[in-house]
Amino acid sequence: FLPIFLPWAAVRAAFACRDHDVLLLGDGVLAPLGALIKRLFPRMRVVCVVHGLDISFATHPGAVAAFYAALNLPALRRLDLLIAVGRATEALAIANGVSPSRVRFIPNGIYPEEFSERPPRSALEALLGMSLLDRRVLVRVGRYVSHKGVAWFIREVMPRLPQNVLFVAAGPRIAAGTAGDADDYDNCVRAIADAGLEERVVLLSALPWEQIKILYATADIVVSPNVRVPGSMEGFGINVLEAAASGTPVVAADIDGLRDAIEDGINGILVTAGDAAGFAERIARLLADDVARQRFGEQACAAVRDRFSWPAICSRYIEAFRETAP
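This section reports on the structure supplied with the text. (Residues numbered from 1 in each chain as written. Predicted model: local features only at pLDDT ≥ 70, side-chain atom pairs only at ≥ 80, totals over all residues. Heavy atoms only, no water.)

**Points about the packing of aromatic side chains**
- In total, this model carries 10 aromatic pairs according to the counting rule given.
- Judged by centre distance (5.7 Å) and plane angle (70°), the rings of Trp 152 and Phe 279 are edge-to-face. Of the two residues, Trp 152 is situated in helix H7 (residues 150-157) and Phe 279 in helix H12 (residues 276-287); the sequence distance between them amounts to 127 residues. Across this residue pair, the class does not change: Trp 152 and Phe 279 are buried.
- A ring pair is formed by Phe 236 and Phe 308, whose centres lie 6.4 Å apart and whose planes are at 55°; its orientation type is tilted. (Phe/Tyr/Trp six-rings, centres within 6.5 Å; stacked < 30°, edge-to-face > 60°. Helix = DSSP H or I, 4+ residues; strand = E, 2+ residues; numbered from the N terminus. Buried < 20%, exposed > 50% of the residue type's maximum accessible area, 1.4 Å probe, protein only.)

Dropping the structure here:
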């Protein structure tokens, strides 16, 4: 519905611009709308949040990506400011011709109070429909796309972990024909069969938000094992902040925007992307000491609350808006 939404949004923005100073676009796909507003209202400041794929999609094969590159990239260069949610996205924007003076890194934020509840382990057992007696649970939350590393983790890391470790992946699938990253769910299913892990891996999709929060809060560890995939990237990785705010330790790949969300040893643990032995070792070390793992989870929760709450992030947005004033 994007061809319908864009004209509707342009008309709505044109009316609203008469009473406002700044137009904030939430995604780079809306850059042509911003360029149009700049023509109609030269004094209007137009700021756009960019997440990674809204730039890197221009490098994908096919006519749609070529059209996107011809239309959206020039439009992005005309805007007053791009707010990149990760430093990797900031570098990508500059590499695609955006002036460094027109790009600023401001991370995503969360509302930590959303994750203050600590449900019992029985809530996770009810969600999964199984007993977790003597089991250790690793959780991965995110879309089923290849750069999220779910299939890689199943094939390369799970066989290195003890038999009592259960891996639960949860997130939306990508509909056929959707622009951007392709669905990787079937590849994850094949990975389970290839590794013979039918009893140790659970794949969930389309869970309601309340159940996602149960996964975060009741897991022993949340993992984010992203891998490098040409033409795609992790713009930020909001899930690792959500997990840390739930008091659960995070082990993540040291890649792309995950580096901006996690300060190693403070609110999570970073491991070299693609290092299966490194992931297994750090996970095993955390699982070996329940007291230390709980203490680290509490530390991570406090760090996220202090550094990534939306009120703190919003103040940085307002400062950026003011600096774009003519």
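**As for the sheet that holds strand E3 (residues 81-84)**
- The parallel open sheet is built from four strands, whose spatial order is E1-E2-E3-E4. Both outer strands of the open sheet, strand E1 (22-25) and strand E4 (103-105), are each paired with one neighbouring strand and no more. For this sheet, the mean inter-axis angle between neighbouring strands, taken without regard to orientation, is 20°.
- Of the strand pairs in this sheet, E1 and strand E2 (residues 45-50) are connected by four bridges, and their pairing is parallel. Counterpart to Leu 25 in the pairing with E2 is Cys 48. (Pairing = 2+ DSSP bridges. Axes fitted to C-alpha atoms, helices over the stretch in contact; angles between N-to-C directions.)

**Structural notes on the state of the cysteines**
- If you walk through the whole model with that rule in mind, you get zero disulfides.
- Sulfur of Cys 17: no disulfide; nearest cysteine sulfur belongs to Cys 48 and is 14 Å away.
- Looking at Cys 17, the relative accessible area reads 7%, which means it is buried.
- Cys 314 takes part in no disulfide bond, and the closest cysteine sulfur, belonging to Cys 48, lies 17 Å away. (Disulfide = S-S within 2.5 Å.)

**Side note on the packing of helix H10 (residues 238-245) against helix H13 (residues 290-307)**
- Contact geometry of H10 with H13 gives a least axis separation of 7 Å together with a crossing angle of 120°. The angle between H10 and H13 places the two elements in the oblique class. Relative to H13, H10 is oriented so that their crossing is left-handed. On H13, the residues touching Leu 241, Ala 244 and Ala 245 of H10 are Gly 297, Ala 300, Cys 301 and Val 304.
- When its residues are assigned to classes, the contact of H10 with H13 shows six nonpolar, one polar and no charged. (Parallel < 35°, antiparallel > 145°, perpendicular 65-115°, else oblique. Left-handed = near helix turned anticlockwise from the far one by under 90°. Contact = heavy atoms within 4.5 Å. Nonpolar A, V, L, I, M, F, W, Y, C, P; charged D, E, K, R; others polar.)

**Regarding the sheet that holds strand E6 (residues 165-170)**
- Spatial strand order, E7-E6-E5-E8-E9-E10: six strands in an open sheet with parallel pairing. Looking at which strands have only one partner, the edges of the open sheet turn out to be strand E7 (201-204) and strand E10 (269-271). Going from strand to strand, the sheet's axes swing by 20° on average, the running direction of each strand aside.
- Direction of pairing for E6 relative to E7: parallel, over a ladder of four bridges. Bridging from a neighbouring strand, Ala 170 pairs with Leu 204 of E7.
- Contacts from H10 reach strand E5 (136-141), strand E8 (221-224) and strand E9 (250-253), with the element oriented near 165° to E9.

Keep in mind that these numbers describe shape and distance, not what the molecule does.
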